[in-house]
Amino acid sequence: RSQKEQYYSEQHSSLINKAYQTLLNPLSRGLYLLELSGVEPAQETDCDADSAFLTEIMEINEKLAEPRNEDVFEEIEALIKVKQEELTREVTAAFERDDLQEAKKLLAKMRYFANLEDKLKTKKIPS
C-alpha cells in the first residue's frame, strides 16, 4: 500500500473503533442519539431528578463509603446492574416514542449509576 492509503486506513480504523465503543455502551449510545437529535444532555447542575431517586443514590454512596465489605459490594453491584438494565429498557422505549426529553432524564439517571459503578470498581481493587 502507498503511504497515503496507510494513513487513510489508520484514520478510519480509529474512527471505527471510537464509533464501536460509543455504540457498545447504552449510556454513551443514548447520549450520542440525543446529540444527533440536537438535544443537549442533562448536566450535573440540572436538578430534574426526584428526591426519592437522589435519596437512593445517596444511600448507595454512603454504603460505598463504609469500610470494605465484600457482601455489601456484591449487593450494590447487583442493584446497579438491575437499575442499569431497567433504565436501558426505559430509554429504549423513550427513543422509540420519540420522547427525547424523557430519554434525556433517564440518561441523566443512567449517568448516576455509571458513576456508582466506577466508584464500586475502584473500591473493589485491592490497595
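This is a predicted model, so every value here is computed, not measured.

Student: What is the right way to read the overall build of the protein chain from this model?
Tutor: A tally of regular secondary structure across the protein chain gives 5 helices and 0 strands. Along the protein chain, from the amino end to the carboxyl end, the secondary structure elements read α-α-α-α-α. A compact globule built from 127 residues would reach a C-alpha radius of gyration of about 14 Å, whereas the protein chain, at 18 Å, exceeds it by more than 25%. With the C-alpha coordinates of the protein chain rotated into their principal frame, the extents come out at 60 × 40 × 25 Å. Burial status across the protein chain gives 22% buried among its 127 residues. Excluding contacts between residues fewer than 6 apart, the proportion of contacts in the protein chain whose partners are at least 24 apart in sequence is 69%. When the accessible surface of the protein chain is totalled, it reaches about 9200 Å², and 52% of it is carbon and sulfur. Within the protein chain, the 26 negative side-chain charges are centred at a point lying 4 Å from the centre of the 18 positive side-chain charges.

Student: What's the story with the UniProt feature "domain: Co-chaperone HscB C-terminal oligomerisation" (unreviewed entry) in the protein chain in this structure? I'm lost.
Tutor: The UniProt record annotates "domain: Co-chaperone HscB C-terminal oligomerisation" (unreviewed entry) at residues 50-121. In residues 50-121, the share of helix is 89% and the share of strand is 0%. The end C-alpha atoms are 26 Å apart.

Student: Can you help me understand the nonpolar core in this one?
Tutor: Most often, soluble globular proteins have nonpolar side chains that are buried together. Ranked by size, the top nonpolar core spans 24 residues in total, and within it Leu-64, Ile-76, Leu-107, Phe-113 and Leu-116 carry the most contacts. Sorting the residues of this core by element identifies helix H2 (26-36), helix H3 (51-65), helix H4 (70-96) and helix H5 (100-124) as the ones contributing at least two each. Considering every element that reaches this core, the biggest residue donor is H5, with 9 residues. Not counting residues up to four positions away in its chain, the partners in contact with Leu-64 are Phe-73, Ile-76, Leu-116, Lys-119, Leu-120 and Lys-123.

Student: Explain the environment of Lys-109 here, please?
Tutor: Topologically, Lys-109 is positioned in helix H5. Take Lys-109: its relative accessible area is 22%, and that puts it in the partly exposed class. Between the C-alpha atoms of Lys-109 and Gln-84, which are 25 residues apart in sequence, the distance is 9.0 Å. The residues contacting Lys-109, other than those within four sequence positions of it, are Asp-50, Phe-53 and Leu-87.

Calculation criteria
Residues numbered from 1 in each chain as written. Predicted model: local features only at pLDDT ≥ 70, side-chain atom pairs only at ≥ 80, totals over all residues. Heavy atoms only, no water. Helix = DSSP H or I, 4+ residues; strand = E, 2+ residues; numbered from the N terminus. Rg over C-alpha atoms; globule rule 2.2 N^0.38 Å. Buried < 20%, exposed > 50% of the residue type's maximum accessible area, 1.4 Å probe, protein only. Contact = heavy atoms within 4.5 Å. Areas by Shrake-Rupley, 256 points an atom, 1.4 Å probe, with all protein chains shown as cover. Lys, Arg positive; Asp, Glu negative; His and termini not counted. Charge placed at Lys NZ, Arg CZ, Asp CG, Glu CD. UniProt positions renumbered as here; feature names shortened; annotations may be inferred. Core = buried A, V, L, I, M, F, W, Y, C linked by side-chain atoms within 4.5 Å.

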